[in-house]
Amino acid sequence: MFEYRHATFNDIDAIFSLINNFALEGLMLSKSYSTLYEILPEFVVAVETESGKVVGCGALHCTWSELAEIRSLAVSKDFHRNGIGGEIVKLLIEDGKKLGVKKFFTLTYNTSFFKSVGFNIVLKETLPQKIWSDCLSCPKFPNCDEVAMTLE
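Not measured: the values here are computed from a predicted model.

Undergrad: Looking at this model, I keep getting lost on the side chain of T108. Mind explaining?
TA: Tracing the backbone shows T108 in strand 5 (residues 103-108). A distance of 2.8 Å separates a polar atom in the side chain of T108 from the backbone nitrogen of N110. Once residues within four sequence positions are removed from consideration, T108 is found in contact with F114, E146, V147 and M149.

Undergrad: Hey, could you run me through the sheet that holds strand 4 (residues 67-75) in this one?
TA: Either a parallel or an antiparallel arrangement is found when strands of a sheet pair, and the pairing is made through backbone hydrogen bonds. Spatially, the 7 strands line up as an open sheet ordered 1-2-3-4-5-7-6, and their pairing is mixed. Strand pairing shows two members of the sheet lacking a second neighbour, strand 1 (2-6) and strand 6 (120-122), which therefore form its edges. Put simply, the sheet's adjacent strands are angled 30° from each other on average, direction ignored. By the bridge criterion, 5 bridges tie strand 5 to strand 7 (residues 147-151) in an arrangement that is antiparallel. Note that in strand 7 the partner of F104 across the bridge is L151.

Undergrad: Is there a simple way to explain unusual backbone geometry in this structure?
TA: Glycine aside, a negative phi is what most residues show, and trans is what most peptide bonds show. Phi angles above zero are rare outside glycine, and E66 is one such case at about 65°. In this fold, E66 is placed in the loop between strand 3 (54-64) and strand 4. With a relative accessible area of 41%, E66 lands in the partly exposed category. At R81, a residue that is not glycine, the phi angle is positive and equals roughly 70°. Assignment of secondary structure puts R81 in the loop between strand 4 and helix 3 (84-99). Since its relative accessible area comes to 86%, R81 is described here as exposed.

What counts, and at which threshold
Residues numbered from 1 in each chain as written. Predicted model: local features only at pLDDT ≥ 70, side-chain atom pairs only at ≥ 80, totals over all residues. Heavy atoms only, no water. Helix = DSSP H or I, 4+ residues; strand = E, 2+ residues; numbered from the N terminus. Polar contact = N/O pair within 3.5 Å; in protein donor to acceptor, adjacent residues only side chain to side chain. Contact = heavy atoms within 4.5 Å. Pairing = 2+ DSSP bridges. Axes fitted to C-alpha atoms, helices over the stretch in contact; angles between N-to-C directions. Buried < 20%, exposed > 50% of the residue type's maximum accessible area, 1.4 Å probe, protein only.

Geometric descriptors of this kind do not, in isolation, establish any biological role.
The following block contains the structure:
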């Protein structure tokens, strides 16, 4: 069983490890501790109830009026295929809808997962707010190989 909740300071080390282990494999962008502390309120975590271990995380980052990004979604490999990622995305979308978000997007390598939760592939150029706010400072810019996807 898993508990899903908003992240706290006690979760930072686990979030850092989850994200950066996948980043080492080139599957997502790394995050520093300082960045994680700054964006901590954006995160939801999945906790295995038996062990109390954080086994998944994801963040909702508002980028523009009624537009938000689902990002930093990571689930421990030992817990893949348990519905954790889908549940985290569902909770982030619920949080976004409470704020008035009408359009969600992600940049991902895992298009099959995001298709399974309702996202569709789009051209990155349809997300200029993302490009001007984050992409310009990304080490992969201008040769980003992630796929843009949206859910409206």
